[in-house]
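Listed below, chain by chain, are the residues.
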Amino acid sequence: MSILVGDNLDSLLQAFAWDGDRLAVADSQALDAQRRDYLSPSTAEAMQGCAARWIFEKHVRAEPDLFGPAELGTAAHSVLEHLWNLPADARTRLRAMGLLRSLADQHFDDSNDENLKTEWIAEVRAAYLGYFELENPHEVKIVATEQTVTDVEVAGVPFFGKIDRIIATDGGIGIDDTKTGKVPKNIGRYGDKHGDQLRLYSEALRVRDGVQPERAGLLYTRHAVHKNVALSKPRMRETLSDFADSWDTFATCFRDAAFETKASPLCGWCPLVNLCPAAQEAGFRQSDRAVPAIDARDHTIAHTDAPAPREQASPDAAYSEGGRHATDQTPEKDTIMETKTRFIGTKPWDEFARGQINPNSYAVAGVIGTTELAYETLASADQTINRSSVRALTQTFAKVIESGQEVLVGTLAWNDNSNTRARGALRSVLQVNPFPFGSSSDELDAWFALAVRQTRSIIQVAMELHEQTAAADDDDVEGLPEQPWAHFAASDN
Ligand code: SF4
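Note that the coordinates shown come from a computational prediction; the quantities given were computed from them, not determined experimentally.

A. Local environment of the confidence of the model for the protein chain. For the protein chain, the average pLDDT comes to 83, and 83% of its residues sit at 70 or higher. Here residues 306–346 is modelled with pLDDT under 50, and outside its nearest four sequence neighbours on either side it reaches 111 contacts, counting other chains as well.

This is how it looks when you write it as structure tokens:
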């Protein structure tokens, strides 16, 4: 049930519930879709961090953005992979550029803005160009690229991984992984996830082929930095032990259908940060540099006092207590990197981005929310749903929202928070006064007039309340009346 955030988000959130410090998955289908009988380095890393974030992000489809860091990284990675597969003397910067141009042709057609294509090429080139400062590509002896390693147990855990490249060294083989992002700092403090990944690959090859790689390296191609990864016995022991612990965590989460939260400064980049009790309690807020998280004013995740029922988890035989045995299911590509939530790299208050409507903007949330409301209203009244009926009702609602928003800011402005408030008022009005499908024109007119009046009225009363109470120490503010409930007293007459 992977869906795009903003696109039926409430349905997605209903599949989850907060169970104390855990995020319970109430929908067994949603849980089973992510069940695996193997562990990859990236999932292991996620289990050492916040498992709740991992399972949630697995259900959020990424908005395609060719300029997003993951897409740029994938493209740079693809150029280098193709380059390494060329004969040694053909591995030049010029050939790399040719490969990049072919890739660009696949992503951009004639209808695209040529400047955009040029900009994309420059961005991808910047992500791989530092590689040519790290080694002489003519001298590298490639054994394999994109090597899948599976059907092997690492530290007793069924393993799945993909090695960027295996090369021949003087005494055996070496393995490398390409990174187009930042070079990690403070490895001692924040953990060495890139190093752990290479150590796991190294162990997987040792178990599978009986040969331990002589060396492992990380190529930070944007920044022209090469790092050797320590393969010493103590470092290997540490990594393998963490990997085994991650598998236990993974199995426990699926067995209980509930995923532990782990609050940390990384919460600032999590889509759940505004809804998550652990993050709230620890005082973490959305980072200014992060793409927007889910807005707690519009959405919520329910709480449950009891753990999610175990039968919903349908625990797979592979996850028997401490179960570290493989089954014969075919490993699928681990997709955490590809499905990481990004919500497009633009801010929601920008209605337009790169000359186009910004799908991440409040404005788009507003128009889609209004259209969804029309759709739901038609469906719940058993009305015919087609484009013209949805459009007519959406436009009707938009007129009501416009009148409500006028009270607040004087105009219809989808990108303004006041629009969310006006939509909320309309929702309340609709609950009390359902739209009279199939009525006469006069009755429909009367409904519209009533909806406008009541929507405005809700907002006006709310604004009066604010005026009465906003500045309690200001003499001009009258404050709340002594006994507002007296209004409802039975009449003496
Ligand atoms: S906000 Fe923090 S603790 Fe909560 S789910 Fe996200 S990463 Fe985990």
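After that view, the rundown keeps rolling.
B. Main features of helix α16 (residues 417–432). The first and last C-alpha atoms of α16 sit 24 Å apart over 16 residues, in line with the 22 Å expected at 1.5 Å per residue. Looking only at α16, the buried set comprises S418, N419, T420, A422, R423, A425, L426, V429 and L430.

C. Representation of the side chain of R53 in the model. With respect to the secondary-structure elements, R53 resides in helix α4 (residues 51–57). Leaving out residues up to four positions away in the same chain, R53 has contacts with L266, W269, C270 and P271.

D. Examining the sheet that holds strand β9 (residues 225–228) more closely. Pairing is mixed across the open sheet formed by 5 strands, whose spatial order is β5-β6-β7-β8-β9. Of all strands in the sheet, those with a lone pairing partner are β5 (142–154) and β9, marking the two edges. Across the sheet, the mean angle from the axis of one strand to that of its neighbour is 35°, orientation sign disregarded. The sheet contact formed by strand β7 (residues 173–179) and strand β8 (residues 215–220) spans 6 bridges and is parallel.

E. Region of the structure containing the sheet that holds strand β2 (residues 16–19). Here 4 strands make up an open sheet; going across it, the order is β10-β3-β2-β11 and the pairing mixed. In the strand order of this sheet, the two ends are held by β10 (258–260) and β11 (302–303), each with one partner. Here 3 bridges tie strand β3 (residues 22–25) to β10, and the two strands are oriented antiparallel to one another. Paired with R22 across the bridge in β10 is E260. Taken strand by strand, helix α10 (residues 233–256) contacts β3 and β10, and its axis lies near 140° from that of β10.

F. Quick look at the packing of aromatic side chains. One pass over the structure, following the stated rule, counts 16 aromatic pairs. Plain terms: the ring middles of W84 and Y131 are 5.7 Å apart, the flat faces sit at 75° to each other, and that makes the pair edge-to-face. On the criterion of sequence distance, the pair formed by W84 in helix α5 (residues 69–84) and Y131 in the loop between α7 (114–128) and β5 is long-range, its members being 47 residues apart. Each member of the pair W84 and Y131 is classed as buried. For the ring pair F435 and W447, a centre distance of 4.8 Å and an interplane angle of 70° mean the geometry is edge-to-face. On the criterion of sequence distance, the pair formed by F435 in the loop between α16 and α17 (441–469) and W447 in helix α17 is long-range, its members being 12 residues apart. Using a relative accessible area of 6% as the deciding quantity, one classes W447 as buried. A cation over a ring is seen here: R165 above W84, with NZ or CZ 4.6 Å from the ring centre.

Reading guide: rules and limits
- Residues numbered from 1 in each chain as written.
- Predicted model: local features only at pLDDT ≥ 70, side-chain atom pairs only at ≥ 80, totals over all residues.
- Heavy atoms only, no water.
- pLDDT = per-residue confidence, 0-100.
- Contact = heavy atoms within 4.5 Å.
- Helix = DSSP H or I, 4+ residues; strand = E, 2+ residues; numbered from the N terminus.
- Expected span 1.5 Å × (residues − 1).
- Buried < 20%, exposed > 50% of the residue type's maximum accessible area, 1.4 Å probe, protein only.
- Pairing = 2+ DSSP bridges.
- Axes fitted to C-alpha atoms, helices over the stretch in contact; angles between N-to-C directions.
- Phe/Tyr/Trp six-rings, centres within 6.5 Å; stacked < 30°, edge-to-face > 60°.
- Lys NZ or Arg CZ within 6 Å of the ring centre and 35° of its normal.

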